[in-house]
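Per-entry structural report
If you want the building blocks of each chain, they are given just below.
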Amino acid sequence: ASEVRTAFGKHGGTLGESGSVAFMFDRVGLVQYPAAAAGGDAMFEAALETGADDVQSSDAGHDIYCAPDDLSVVRDGLEERFGPAQSARLDWRPRTQVPIGDDAATTLFKLLDALDDSDDVQRVAANFDVPDDVLERISR
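The text that follows walks through the structure, step by step, so that each part is easy to find. (Residues numbered from 1 in each chain as written. Predicted model: local features only at pLDDT ≥ 70, side-chain atom pairs only at ≥ 80, totals over all residues. Heavy atoms only, no water.)

**Let's talk about the overall build of the protein chain**
Within the protein chain one finds 5 helices and 6 strands. Across the protein chain, helices and strands are ordered from the amino to the carboxyl terminus as α-β-α-β-β-α-β-β-α-β-α. Across its three principal axes, the protein chain shows a C-alpha extent of roughly 45 × 35 × 25 Å. In the protein chain, buried positions account for 29% of the 140 residues. Taking as baseline every contact in the protein chain between residues at least 6 positions apart, the subset at least 24 positions apart corresponds to 73%. Of the roughly 9000 Å² of accessible surface on the protein chain, 48% is carried by carbon and sulfur atoms. The positive charge centre, built from 12 side chains, and the negative charge centre, built from 27, are 5 Å apart in the protein chain. (Helix = DSSP H or I, 4+ residues; strand = E, 2+ residues; numbered from the N terminus. Buried < 20%, exposed > 50% of the residue type's maximum accessible area, 1.4 Å probe, protein only. Contact = heavy atoms within 4.5 Å. Areas by Shrake-Rupley, 256 points an atom, 1.4 Å probe, with all protein chains shown as cover. Lys, Arg positive; Asp, Glu negative; His and termini not counted. Charge placed at Lys NZ, Arg CZ, Asp CG, Glu CD.)

Next comes the structure, spelled out in C-alpha cells:
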C-alpha cells in the first residue's frame, strides 16, 4: 500500500479510504469478445437472450454487461454460441464519466503508468473521459 500511496502523492492525488468512491461505480459482470467473434447485432441479440443488461460494441470488440449473479449464465450462453470469451469477470463500471483536460490528462496518465508498474496493483477502475483531441496532443 505504501508504494501505491507514494504514486498517488507524487502525481498530485491522495489515496482514499477503502470503499470511499464505491458509490461512483456499479458492480457488474463483464464478458468480453473480440470484434471478429460476431457482428454487433448478432452479439446484441445473443447477449439479451442470455440475460445480459447491456452490450457495447466497437471496432475493438464487444463488452457485455450483466448483473453480478448472472455472470456465469451469460458467459456460458455466449460461449455456447460464439466460443470461449476473451475474458469474463466481475468488474466496476462507472456511473458517470468525468471530462479531463490537457494538464490533468498528462498527470493522470503518469499516475496510471506508475500504478501499472506496481506489482501491488492488479487492475484500475476509473471514470475519466479524455477527448480524442486531448489524447492526440499529449501523445506527441
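**Some thoughts on a negative patch on the surface**
Residues Glu3, Asp113, Asp116, Asp117, Asp119 and Asp120 make up a contiguous surface patch of negative charge. The element contributing the most residues to the negative patch is helix 4 (residues 102–117), with 3 residues. Its place among the elements puts glutamate 3 in helix 1 (residues 2–10). The class for glutamate 3 is partly exposed, based on a relative accessible area of 42%. (Patch = residues over 30% accessible without salt bridge, like charges linked within 9 Å, V, L, I, M, F, W, Y side chains within 5 Å. Salt bridge = Lys/Arg side-chain N within 4 Å of Asp/Glu carboxyl O.)

**Some remarks on the pairing of strand 2 (residues 54–57)**
Where strand 2 and strand 3 (residues 61–66) come together, 4 bridges link them in antiparallel fashion. Counterpart to glutamine 56 in the pairing with strand 3 is aspartate 63. Two successive antiparallel strands, strand 2 and strand 3, enclose a turn made up of 3 residues. (Pairing = 2+ DSSP bridges.)

**A few points about the nonpolar core**
Val31, Tyr33, Met43, Ile64, Val74, Leu78 and Phe82 are the most contacted members of the largest nonpolar core, which has 15 residues in total. Contributing elements (two or more residues each) for this core: strand 1 (25–34), helix 2 (40–50), strand 3 and helix 3 (71–82). In terms of residue count, helix 3 provides more of this core than any other element does, 4 residues in total. (Core = buried A, V, L, I, M, F, W, Y, C linked by side-chain atoms within 4.5 Å.)

**Let's talk about the pattern of salt bridges**
Taken as a whole and assessed by the stated rule, the structure comprises 7 salt bridges. In this structure, arginine 75 engages aspartate 76 in a salt bridge whose closest nitrogen and oxygen atoms are separated by 3.0 Å. The closest approach of N and O atoms between arginine 89 and aspartate 91, which form a salt bridge, is 3.7 Å. The exposure class assigned to arginine 89 is partly exposed, which follows from its relative accessible area of 26%. Several salt bridges share partner residues, and in doing so they unite Arg89, Asp91 and Arg123 into one network.

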